[in-house]
Amino acid sequence: MTRILTAPLALGALTLLGACALPPEGVNDAQIANFDAAVASIGCDLVTEADYIPVELQTGMTRAQVQETVAYKVQLERGVMLSNGGFRSTVGACAPTPEAATPAADT
């Protein structure tokens with residue numbers, strides 16, 4: 001009987017935690033906006049050292065703060081983790097564009 005109740009409670013707790021995502025400690029709203037712009041400026045993917053350095057310089061964040069901001073963005077569904085361990089922003093200039101509808105060929 002305990003196992004039956006545990007799963008729904010755990011799922012509810014995870015949902016509640018996801019809904020209450022907090023920005024990283026010491027990171028303000030301006031830095032988060034700068035993060036979005038900085039990631040867009042490097043092509044929307046944050047993967048290698050060559051990606052992290054310009055984002056750190058443009059935002060004034062430490063590496064740890066950038067990594068925590070990545071986790072925060074993923075929790076808010078404003079970015080996704082890539083299979084290579086990197087991060088892709090999905091907001092602002094990095095927002096995916098819907099594919100344009102192709103007109104039907106006249107026959």
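The structure under discussion appears in the preceding block.
For clarity, every value in this text was computed on a predicted model and none was experimentally measured.

So, the state of the cysteines: which residues are in play, and what are the values?
Taken as a whole and assessed by the stated rule, the structure comprises one disulfide. Each sulfur of the disulfide joining C44 and C94 lies 2.1 Å from the other. Because the sign of the S-S torsion sets the handedness, a value of about -90 degrees for the bond joining C44 and C94 places this disulfide among the left-handed ones. One end of the pair, C44, is in the loop between α2 (29-41) and β1 (45-46); the other, C94, is in the segment after β3 (87-89), and 50 residues separate them in sequence. Take C44 and C94: they sit in the same class, and that class is buried.

So what's going on with the packing of aromatic side chains? Which residues, and what values?
Throughout the structure, instances matching the rule amount to one aromatic pair. Relative to F87, the ring of F35 has its centre 6.1 Å away and its plane inclined at 45 degrees; by these criteria the two rings are tilted. Of this pair, F35 sits in helix α2 while F87 is found in strand β3, placing the two residues 52 residues apart along the sequence. Take F87: its relative accessible area is 2%, and that puts it in the buried class.

Got a sec to walk through the nonpolar core? Specific residues and values, please.
Among soluble globular proteins, nonpolar side chains are generally buried collectively. Of all hydrophobic cores here, the largest spans 14 residues; its most connected members are F35, L46, V55, M61, V66, V70 and F87. If you list the elements that add at least two residues to this core, you get α2, α3 (49-59) and α4 (63-75). Counting residues per element, this core draws most heavily on α2, at four residues. In contact with M61, not counting residues within four places along its chain, are V27, Q31, I32, F35, E56, V66 and T69.

The rules behind the values
- Residues numbered from 1 in each chain as written.
- Predicted model: local features only at pLDDT ≥ 70, side-chain atom pairs only at ≥ 80, totals over all residues.
- Heavy atoms only, no water.
- Disulfide = S-S within 2.5 Å.
- Helix = DSSP H or I, 4+ residues; strand = E, 2+ residues; numbered from the N terminus.
- Buried < 20%, exposed > 50% of the residue type's maximum accessible area, 1.4 Å probe, protein only.
- Phe/Tyr/Trp six-rings, centres within 6.5 Å; stacked < 30°, edge-to-face > 60°.
- Core = buried A, V, L, I, M, F, W, Y, C linked by side-chain atoms within 4.5 Å.
- Contact = heavy atoms within 4.5 Å.

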